[in-house]
Amino acid sequence: MPLKEIFLNIPLRLRFHSAISKRYYCSKPNNILETAEEQPIFKEEELEFLENEDKRNKSKLTPAHRNILFDEKPYNETVAWYHDTVRYKKRMLGRYGIKSVGIPAGFLWPTREEIEERKEYEKIAFPLGVQERLQKIKEKKKKEEEALMARQEKIAVKMRGMKELLANVQQKIIKKQEAEKEAKLMKERKIEEIRHELISKGSLTKDKLQKALLDVEKDEKKKKKAAKKAKAFEKQQKIAEKLTKQQLAETEAEEEDEDEKFKTK
């Protein structure tokens, strides 16, 4: 049987009873006064209950953390042993003011014994006076400035040398480029000369031209090799002359020493 037919077959009395059996109240029935107004009027007890509900700590924080949140002293009474120490009270005084301590602030001043101990410590830790320390600081600063100036001067000298080195390198590059350009021109002239020579003989062919060019390159290589050998030979001669001069100077010095020894005898 469909649900619609089942619902329609239920007696009207049972349906009405189930509808009115559900009641809705804003609070307990005993705490409500009968009145003609739309909003119910609560008793004083109910109002106090609602006020306490509003003041209830819904954040679930501890009292100490809640006090810190509202910028108040965490503990109003001693909970741990260090709450009675001077160090803790100094911290409370600095953070929450004189009211958080509850006693005059004079207890924070150091005693005579503590002052004497502090003086002894300062004598050992800082043996020099203020003027002496200031003088040492000035001397140290002066030395650092002098060292910085010397370093800057060295850098300036090196930079000047670097500029000269760069200029020399640039000159060498220019000379090399000019030499390469000149060699290229000479090679082109040589090729033209060989070509004219072969044309005048009436034997200009590609193979003969390449062979003539190879012969010219071989001759140039031999000349360069001979020039290098001559240069190296000159360098060796200069070194040998220098060594001979040093040896002669050493032998002369030894002879003079021997003469002096002979004279002293």
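Residues numbered from 1 in each chain as written. Predicted model: local features only at pLDDT ≥ 70, side-chain atom pairs only at ≥ 80, totals over all residues. Heavy atoms only, no water.

### Re the overall build of the chain
Looking only at helices and strands, the chain features 8 helices and 0 strands. Each helix (α) and strand (β) of the chain, taken in turn from the N terminus, gives the series α-α-α-α-α-α-α-α. Expressed as a percentage of its 265 residues, the buried residues of the chain come to 7%. Of all intrachain contacts in the chain linking residues separated by at least 6 positions in sequence, the fraction that spans at least 24 positions is 9%. Of the accessible surface of the chain, which amounts to about 25800 Å², a share of 56% is contributed by carbon and sulfur atoms. (Helix = DSSP H or I, 4+ residues; strand = E, 2+ residues; numbered from the N terminus. Buried < 20%, exposed > 50% of the residue type's maximum accessible area, 1.4 Å probe, protein only. Contact = heavy atoms within 4.5 Å. Areas by Shrake-Rupley, 256 points an atom, 1.4 Å probe, with all protein chains shown as cover.)

### Observations regarding the environment of Val216
Checked against the element boundaries, Val216 lands in helix 8 (residues 206-264). Once residues within four sequence positions are removed from consideration, Val216 is found in contact with Lys190 and Ile194.

### With respect to the packing of aromatic side chains
Applying the stated criterion to the full structure yields 2 aromatic pairs. For the ring pair Trp81 and Tyr82, a centre distance of 5.8 Å and an interplane angle of 90° mean the geometry is edge-to-face. For Tyr82, a relative accessible area of 37% translates into the label partly exposed. Chaining the aromatic ring pairs together yields one cluster made of Trp81, Tyr82 and Tyr88. (Phe/Tyr/Trp six-rings, centres within 6.5 Å; stacked < 30°, edge-to-face > 60°.)

### What to know about the confidence of the model for the chain
Overall, the prediction assigns the chain a mean pLDDT of 77, with 75% of residues at 70 or greater. Across the chain, element-level confidence peaks in helix 6 (residues 112-125) with a mean pLDDT of 90 and bottoms out in helix 2 (residues 12-20) with 48. Contacts for the low-pLDDT stretch residues 19-33, under 50 throughout, to residues beyond four places or in other chains number 15 contacts. (pLDDT = per-residue confidence, 0-100.)

### Thoughts on a negative patch on the surface
The grouping of Glu250, Glu252, Glu254, Glu255, Glu256, Asp257, Glu258 and Glu260 at the surface amounts to a negative patch. Tracing the chain through its elements places Glu254 in helix 8. Using a relative accessible area of 49% as the deciding quantity, one classes Glu254 as partly exposed. (Patch = residues over 30% accessible without salt bridge, like charges linked within 9 Å, V, L, I, M, F, W, Y side chains within 5 Å. Salt bridge = Lys/Arg side-chain N within 4 Å of Asp/Glu carboxyl O. Lys, Arg positive; Asp, Glu negative; His and termini not counted. Charge placed at Lys NZ, Arg CZ, Asp CG, Glu CD.)

### Looking at unusual backbone geometry
The backbone phi angle of Asp71 is positive, close to 60°, even though this residue is not glycine. Assignment of secondary structure puts Asp71 in the loop between helix 4 (63-69) and helix 5 (86-96). The exposed category is assigned to Asp71, whose relative accessible area is 57%.

### Quick word on the pattern of salt bridges
Summed over the entire model, instances satisfying the criterion amount to 1 salt bridge. Among the salt bridges present, the one from Glu122 reaches Arg118, with a minimum N-O distance of 3.7 Å. Here Arg118 and Glu122 lie together in helix 6, a separation of 4 residues that amounts to about one turn. Among the residues examined, Glu122 registers a relative accessible area of 38% and is labelled partly exposed.

### A short note on the nonpolar core
Judged by nonpolar contacts, Ile194, Leu198, Leu209, Ala212 and Val216 together constitute the single largest core of 5 residues. Counting residues per element, the ones that place at least two in this core are helix 7 (130-201) and helix 8. For this core, the leading source of residues is helix 8, giving 3 residues. (Core = buried A, V, L, I, M, F, W, Y, C linked by side-chain atoms within 4.5 Å.)

### Examining a nonpolar patch on the surface
Nonpolar side chains collect at one region of the surface, where Ile155, Met159, Met162, Leu165, Leu166, Val169 and Ile173 lie side by side and expose about 620 Å² of accessible area between them. Within the fold, Ile173 resides in helix 7.

### Let's talk about the side chain of Ser100
Note on placement: Ser100 falls in the loop between helix 5 and helix 6. Accessibility expressed as a relative area gives 9% for Ser100, which makes it buried. Among the polar contacts made by the side chain of Ser100, one reaches the main-chain carbonyl oxygen of Met92 at a distance of 3.1 Å. Contact partners of Ser100, with chain neighbours within four places excluded, come to Lys73, Met92 and Leu93. (Polar contact = N/O pair within 3.5 Å; in protein donor to acceptor, adjacent residues only side chain to side chain.)

### Topic: the side chain of His83
Relative to the elements of secondary structure, His83 occurs in the loop between helix 4 and helix 5. Residues in contact with His83, not counting those within four places in the same chain, are Tyr75, Glu77, Thr78, Tyr88 and Lys89.

### Describing the environment of Lys89
With respect to the helices and strands, the residue Lys89 is situated in helix 5. Residue Lys89 is classed as partly exposed on the basis of its relative accessible area of 22%. Here the alpha-carbon distance between Lys89 and Ile103, two residues 14 residues apart in the chain, equals 10.0 Å. Discounting chain neighbours no more than four positions away, the residues touching Lys89 are His83, Asp84, Val101, Ile103 and Phe107.

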